[in-house]
Amino acid sequence: MIILGIETSCDETSVALVEDGKKVLSNVVISQVDFHKEFFGVLPELASRKHLEYINLALDKAFKDSGIDFGGIDGVAVTFGPGLVSSLLVGVNVAKTIAFFYDKPMFKVDHVEAHLFSPFIEYDVDFPFIGLVVSGGHTILFVVRNFYDLEIVGYTVDDAVGEAFDKVAKMLGLGYPGGPMIDKLSKKGNCNAFKFPLGANEKPYDRYNFSYSGLKTSVLYTVRKIQNLDENKVNDICASFQKSAIDVLYVKVKRLVEDTGIKNVVVAGGVSANSYLREVFLNDSSIKVFIPSVKYSTDNAVMVASLAYFKPIKASIYDEVYPRIATITKGKRKV
Ligand code: KG4
Ligand code: ZN
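Note that the coordinates shown come from a computational prediction; the quantities given were computed from them, not determined experimentally.

**Some thoughts on the site of ligand 1**
Contacts to ligand 1 come from 20 residues, most closely from Gly136, Asp166, Gly179, Asp183 and Gly270. Note that an oxygen atom of ligand 1 is positioned 2.7 Å from one of the side-chain N or O atoms of aspartate 166. In the model, an oxygen atom of ligand 1 is placed 3.0 Å from a nitrogen or oxygen of the aspartate 299 main chain. Burial of ligand 1 by the surrounding chains reaches 90%, relative to a free accessible area of 550 Å². Elements with a minimum of two residues in the shell around ligand 1: helix H4 (111–116), helix H5 (161–171) and helix H6 (178–186). The dominant element in the shell around ligand 1, judged by the number of residues it contributes, is H6, at four residues. Looking at side-chain class alone, the shell around ligand 1 contains five nonpolar, twelve polar and three charged residues. Per-domain counts for the shell around ligand 1 show at least three residues from each of domain 1 (2–116 + 296–328) and domain 2 (126–291).

**A few points about the domain arrangement of the protein**
Entries for the protein in the domain assignment read domain 1 (2–116 + 296–328) and domain 2 (126–291). Buried area between domain 1 and domain 2, both sides added, is near 1800 Å², and the carbon and sulfur share of it is 77%. In terms of surface lost to domain 2, no three residues of domain 1 exceed Phe40, Leu116 and Ser297, which account for 39% of the buried area on that side. Taken together, the links from domain 1 to domain 2 amount to zero salt bridges. If you look at where domain 1 meets domain 2, you find five residue pairs in polar contact (both at pLDDT 80 or more). Secondary structure elements with two or more residues in the side of domain 1 that touches domain 2: H4, helix H11 (302–314) and helix H12 (318–321). Looking at which element gives the most residues to the side of domain 1 that touches domain 2, the answer is H11, with five residues. In terms of residue class, the side of domain 1 that touches domain 2 is built from 13 nonpolar, four polar and five charged.

Calculation notes
Residues numbered from 1 in each chain as written. Chains lettered and ligands numbered in written order. Predicted model: local features only at pLDDT ≥ 70, side-chain atom pairs only at ≥ 80, totals over all residues. Heavy atoms only, no water. Near = heavy atom within 4 Å. Polar contact = N/O pair within 3.5 Å; in protein donor to acceptor, adjacent residues only side chain to side chain. Areas by Shrake-Rupley, 256 points an atom, 1.4 Å probe, with all protein chains shown as cover. Helix = DSSP H or I, 4+ residues; strand = E, 2+ residues; numbered from the N terminus. Nonpolar A, V, L, I, M, F, W, Y, C, P; charged D, E, K, R; others polar. Domains from an automatic or database assignment. Buried area = accessible area lost by both parts, 1.4 Å probe. Salt bridge = Lys/Arg side-chain N within 4 Å of Asp/Glu carboxyl O.

Put into structure tokens, the structure is as follows:
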């Protein structure tokens, strides 16, 4: 079963063709990062305009790379949300047009779920598992019992972890997106040079929750106090911030492992590309950790096409069980 995946929720225009959820026939990601850099974040109006400009290029290249044509697909999967509305609309309308014209089923895919199940592209992950989605917009901890039974047990009460990386990078004048740059500079810095608070809330009801605003403010006050912010100090701030931001993710996942006895752990989303995060989680031999390759950690259409294959195929009554994600338009000509 070959599914065309389309992802336009933020600032990447991505189109992929994936066979049976795992065989990647093509994966095109056109990044708009250079256009958003000067704003230190994604400018929604600019993002949707760029998606309009790039979507046909991405489609053409994805089909060319895969060697199949539109008629050769079995369905169209598209990110339906959450994301920037005007950006999502570009992908959704393109997907609807293709599904309608070629009479193929269309699958609505939730962006956070696509990240959560992205390790399924490369690994065989057994249920139940503990899932942590860490991206620019989300920091969510799940207990996942099957494709339809996702329990959210924790989340950030303020900023997402990726957002904290981006804002700290902005304070240090490192450009956008901040995550990859902080990751790189941290390697040259001392992670114990500055004592920042963990990105956590530790009230009794926040057993699994996160909070990054205190950490962010603490970095800001530190930066303001430093007279001469030279390269070494920037590296040290990066390493110290990164440690605080990532360690808490590990602490809370481990807590959930102990509380539930579930030892399979998935970490996904843009921040899972972080090399320190990978080191911390993958070095723990008491848990089985699945983290997607970097190209599937950040936004991509492969994870969208892959989930649309696994989720409906594994359960036949998906429409009723989980209407938000399920197939809603079967490509029938109902105008
Ligand atoms: O999943 P994603 O591509 O888009 C969203 O759904 O938000 O995640 C983007 C986020 C950005 O905040 C970016 O700074 C962060 O992921 N990121 C990283 C790294 N690579 C990307 N954060 C830390 N270390 C990285 N290596
Ligand atoms: Zn994402």
